[in-house]
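Residue-level structure breakdown
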Amino acid sequence: AQSVSQHNHHVILSEAASLELGCNYSYGGTVNLFWYVQYPGQHLQLLLKYFSGDPLVKGIKGFEAEFIKSKFSFNLRKPSVQWSDTAEYFCAVSPGYSSASKIIFGSGTRLSIRP
Amino acid sequence: GAGVSQSPRYKVAKRGQDVALRCDPISGHVSLFWYQQALGQGPEFLTYFQNEAQLDKSGLPSDRFFAERPEGSVSTLKIQRTQQEDSAVYLCASLGYSNEQFFGPGTRLTVL
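Presented here is a report on the structure given in the accompanying data block. (Residues numbered from 1 in each chain as written. Chains lettered and ligands numbered in written order. Predicted model: local features only at pLDDT ≥ 70, side-chain atom pairs only at ≥ 80, totals over all residues. Heavy atoms only, no water.)

1. A word on the overall build of chain B
A tally of helices and strands in chain B yields zero helices and 11 strands. Here the C-alpha atoms of chain B give a radius of gyration of 13 Å, agreeing with the 13 Å that 2.2 N^0.38 yields for 112 residues. Oriented by its inertia axes, the alpha-carbon framework of chain B measures out at about 40 × 25 × 20 Å. For chain B, the share of sequence-separated contacts (at least 6 apart) that also reach a separation of at least 24 residues comes to 51%. Of the roughly 5,600 Å² of accessible surface on chain B, 47% is carried by carbon and sulfur atoms. (Helix = DSSP H or I, 4+ residues; strand = E, 2+ residues; numbered from the N terminus. Rg over C-alpha atoms; globule rule 2.2 N^0.38 Å. Contact = heavy atoms within 4.5 Å. Areas by Shrake-Rupley, 256 points an atom, 1.4 Å probe, with all protein chains shown as cover.)

This is the structure:
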């Protein structure tokens, strides 16, 4: 069965620190990969996605993620976090054979930024 | 334009009651998904519609859960004889042309 593992349950950083959130998935075939963000009191929003092509994907608000197929990883990075990045971050995967596929989510990483 | 909307936003039910949760997808979106998000967890897939056809219901936890989308737009998730373990946020998403799932705000169900 497909699964997604997020290594950190809660990360606390100071403003301007660099961020890397780990994500590994288990699925042997072609995959679509996502990072979603949920700001306090708001609904899930897409941060970035990988379907094919350049494995380094740039998303909104300065976030990027790198797909490393050999490691089954899709880690999220940001060089300098801001207080407004405080949110819950979810890594997710769906089979790549269909665009209309269910998404399998990780359990999430709560990011707290100290001002 | 309007996003995905869900109603009610909050629902409190006594154990054993039936509940109905509504999802209005983005206009024109063919595919619609339901997810269940327990406290402290990521969303888990429940079921998927393409137009009015329910193509995947593998995630529905029991036969107490039933979903429909009779006219291919609005969808309703019904839970019969609610149990405490049904307490969760129920999320609806519709699929856009960029292959992105757009999520609604969710319905928080509390079963007492």
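2. Some words on the sheet that holds strand β1 (residues 5–7) of chain B
All names here are of chain B. Pairing within the open sheet is antiparallel, and its four strands lie in the order β1-β3-β8-β7. Taken across any chain shown, the strands that pair with only one partner, and hence form the sheet edges, are β1 and β7 (65–68). Neighbouring strand axes in the sheet, compared pairwise and without regard to direction, differ in orientation by 15 degrees on average. With five bridges connecting them, strand β3 (residues 19–24) and strand β8 (residues 75–79) associate as antiparallel partners. For A20, the partnering residue across the bridge sits in β8 and is K78. (Pairing = 2+ DSSP bridges. Axes fitted to C-alpha atoms, helices over the stretch in contact; angles between N-to-C directions.)

3. Examining the interface of chain B and chain A
Each side of the interface is counted separately: chain B has 21 residues, and chain A has 18 residues. Counting each side, the surface lost to burial between chain B and chain A is near 1,500 Å², with a carbon and sulfur contribution of 58%. Considering only the surface of chain B that becomes buried against chain A, P43, N99 and F103 of chain B emerge as the three largest contributors, covering 32% of it. At the junction of chain B with chain A, the criterion picks out zero salt bridges. Where chain B meets chain A, there are three residue pairs in polar contact (both at pLDDT 80 or more). Taken together, the elements giving at least two residues each to the side of chain B that touches chain A come down to β4 (31–37), β5 (44–50), β9 (88–95) and β10 (101–103) of chain B. (Buried area = accessible area lost by both parts, 1.4 Å probe. Salt bridge = Lys/Arg side-chain N within 4 Å of Asp/Glu carboxyl O. Polar contact = N/O pair within 3.5 Å; in protein donor to acceptor, adjacent residues only side chain to side chain.)

4. Thoughts on the pattern of salt bridges
What the rule picks out here adds up to seven salt bridges over all chains. The salt bridge involving E66 of chain A is made with R77 of chain A; its shortest N-O contact spans 3.3 Å. Residue E66 of chain A is located in strand β8 (residues 64–68), and its partner R77 of chain A is located in strand β9 (residues 73–78); the two are separated by 11 residues in the primary sequence. Look at E66 of chain A and you get partly exposed, because its relative accessible area is 27%. Look at R77 of chain A and you get partly exposed, because its relative accessible area is 22%. Across the salt bridge formed by D86 of chain B and R64 of chain B, the nearest N and O atoms sit 2.8 Å from each other. Separated by 22 residues along the polypeptide, D86 of chain B in the loop between β8 and β9 and R64 of chain B in the loop between β6 (53–56) and β7 bring together distant segments of the chain. Under the relative-accessibility criterion, D86 of chain B is labelled buried at 3%. Assessed through its relative accessible area of 11%, R64 of chain B is described here as buried. (Buried < 20%, exposed > 50% of the residue type's maximum accessible area, 1.4 Å probe, protein only.)

5. Focus: the packing of aromatic side chains
What describes a pair of aromatic rings is the distance from one ring centre to the other and the angle between the planes of the rings. For the structure on display, the rule yields 16 aromatic pairs over all chains. Relative to F103 of chain B, the ring of Y36 of chain A has its centre 5.4 Å away and its plane inclined at 85 degrees; by these criteria the two rings are edge-to-face. Here F103 of chain B lies in strand β10 and Y36 of chain A lies in strand β5 (residues 31–38), a pairing that spans two chains. For the pair Y36 of chain A and F103 of chain B, a shared accessibility class is recorded, and that class is buried. Each ring, one from F33 of chain B and one from Y48 of chain B, has its centre 4.8 Å from the other, and the planes form 15 degrees; the classification is stacked. Here F33 of chain B, found in strand β4, pairs with Y48 of chain B, found in strand β5; they are 15 residues apart in sequence, far enough to count as distant. Here F33 of chain B falls in the buried class, since its relative accessible area comes to 0%. An aromatic cluster is defined as three or more aromatic residues linked by ring pairs; in this entry it consists of F34, Y36, F51, F90 and F105 of chain A together with F33, Y35, F45, Y48 and F103 of chain B. (Phe/Tyr/Trp six-rings, centres within 6.5 Å; stacked < 30°, edge-to-face > 60°.)

6. So, the state of the cysteines
Within the structure shown, the criterion is met by two disulfides over all chains. At a sulfur-sulfur separation of 1.9 Å, the disulfide partner of C23 of chain A is C91 of chain A. The sign of the S-S torsion, about -70 degrees, decides the handedness of the disulfide formed by C23 of chain A and C91 of chain A: left-handed. Residue C23 of chain A is located in strand β4 (residues 23–26), and its partner C91 of chain A is located in strand β10 (residues 87–95); the two are separated by 68 residues in the primary sequence. For the pair C23 of chain A and C91 of chain A, one class covers both residues: buried. Each disulfide pairs two cysteine sulfurs, and for C23 of chain B the partner residue is C92 of chain B, the sulfurs being separated by 1.8 Å. (Disulfide = S-S within 2.5 Å.)

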